[in-house]
Amino acid sequence: VQLQASGGGLVQAGDSLRLSCAASVRSFSTFNMGWFRQAPGKEREFVATISGRGTSTAYADSLKGRFTISKDNAENTVYLQMTSLKPEDTAVYYCAARKSVSSWSRISSTYDYWGQGTQVTVSS
């Protein structure tokens, strides 16, 4: 399984950005996908997750209402729509995958596959 994240960049506070993560895998609908992020000097933290079928999602409490995760199983791609970005959202964003059809996980150690990360920088 290979994951390729893209869509990061330099934006201003208040802007929106959509990250994509393309997966080279068969039966993408059987994979639970997650987004995590890591800011300089901080530990990797959970952002959002979506079940294999895309019917169930979960978010970090602090990000609810601003970030939206979605999954296109026909295109083998998971998205993270980010709105009202803040400087504290600056981080490297990683997508991750684990084999699961109906459940999701907030725990990074439960994910088996990781993308290379895409940098998001929000200026004030």
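These numbers were taken from a predicted model, which means no experiment stands behind them.

Enquirer: What exactly am I supposed to notice about the overall build of the protein here?
Expert: Across its full length, the protein carries 0 helices and 11 strands. Scanning the protein from its N terminus toward the C terminus, one meets helices and strands in the order β-β-β-β-β-β-β-β-β-β-β. For the protein, whose C-alpha radius of gyration is 13 Å, the value lies close to the compact-globule estimate of 14 Å for 124 residues. Sorting the 124 residues of the protein into buried and exposed places 46% on the buried side. For the protein, contacts bridging at least 24 residues in sequence account for 60% of all contacts bridging at least 6. Only carbon and sulfur atoms are counted for the fraction: they give 44% of the accessible area of the protein, which is about 6200 Å². Between the averaged position of the 13 positive side-chain charges in the protein and that of its 9 negative side-chain charges there is a distance of 6 Å.

Enquirer: Looking at this structure, I do not really get the side chain of S100. What am I missing?
Expert: In this fold, S100 is placed in the loop between β9 (91-99) and β10 (113-114). Look at S100 and you get buried, because its relative accessible area is 11%. A distance of 2.6 Å separates a polar atom in the side chain of S100 from a polar atom in the side chain of S103. When neighbours within four sequence positions are excluded, S100 is seen to be in contact with T30, F31, N32 and G52.

Enquirer: In this structure, what is going on with the pairing of strand β3 (residues 17-24)? I would like to understand it.
Expert: As a general feature of sheets, a regular strand has side chains that alternate between the two faces. Strand direction decides the pairing type here: strand β1 (residues 2-6) and β3, joined by 5 bridges, are antiparallel. Bridging across to β3, Q2 finds its partner in S24. Judged from the 6 bridges that link them, β3 and strand β8 (residues 77-82) form a sheet pairing that is antiparallel. The residue bridging L17 from the neighbouring strand is M82, located in β8.

Enquirer: Please explain the sheet that holds β1 as it appears in this structure.
Expert: The strands that make up a sheet pair up through hydrogen bonds in the backbone, lying either parallel or antiparallel. The 4 strands are arranged β1-β3-β8-β7 in an open sheet whose pairing can be described as antiparallel. A strand with exactly one partner marks an edge of an open sheet, and here the two such strands are β1 and β7 (67-72). Within this sheet the neighbouring strands show an average axis-to-axis angle of 15°, counted without direction.

Quick notes on the rules
- Residues numbered from 1 in each chain as written.
- Predicted model: local features only at pLDDT ≥ 70, side-chain atom pairs only at ≥ 80, totals over all residues.
- Heavy atoms only, no water.
- Helix = DSSP H or I, 4+ residues; strand = E, 2+ residues; numbered from the N terminus.
- Rg over C-alpha atoms; globule rule 2.2 N^0.38 Å.
- Buried < 20%, exposed > 50% of the residue type's maximum accessible area, 1.4 Å probe, protein only.
- Contact = heavy atoms within 4.5 Å.
- Areas by Shrake-Rupley, 256 points an atom, 1.4 Å probe, with all protein chains shown as cover.
- Lys, Arg positive; Asp, Glu negative; His and termini not counted.
- Charge placed at Lys NZ, Arg CZ, Asp CG, Glu CD.
- Polar contact = N/O pair within 3.5 Å; in protein donor to acceptor, adjacent residues only side chain to side chain.
- Pairing = 2+ DSSP bridges.
- Axes fitted to C-alpha atoms, helices over the stretch in contact; angles between N-to-C directions.

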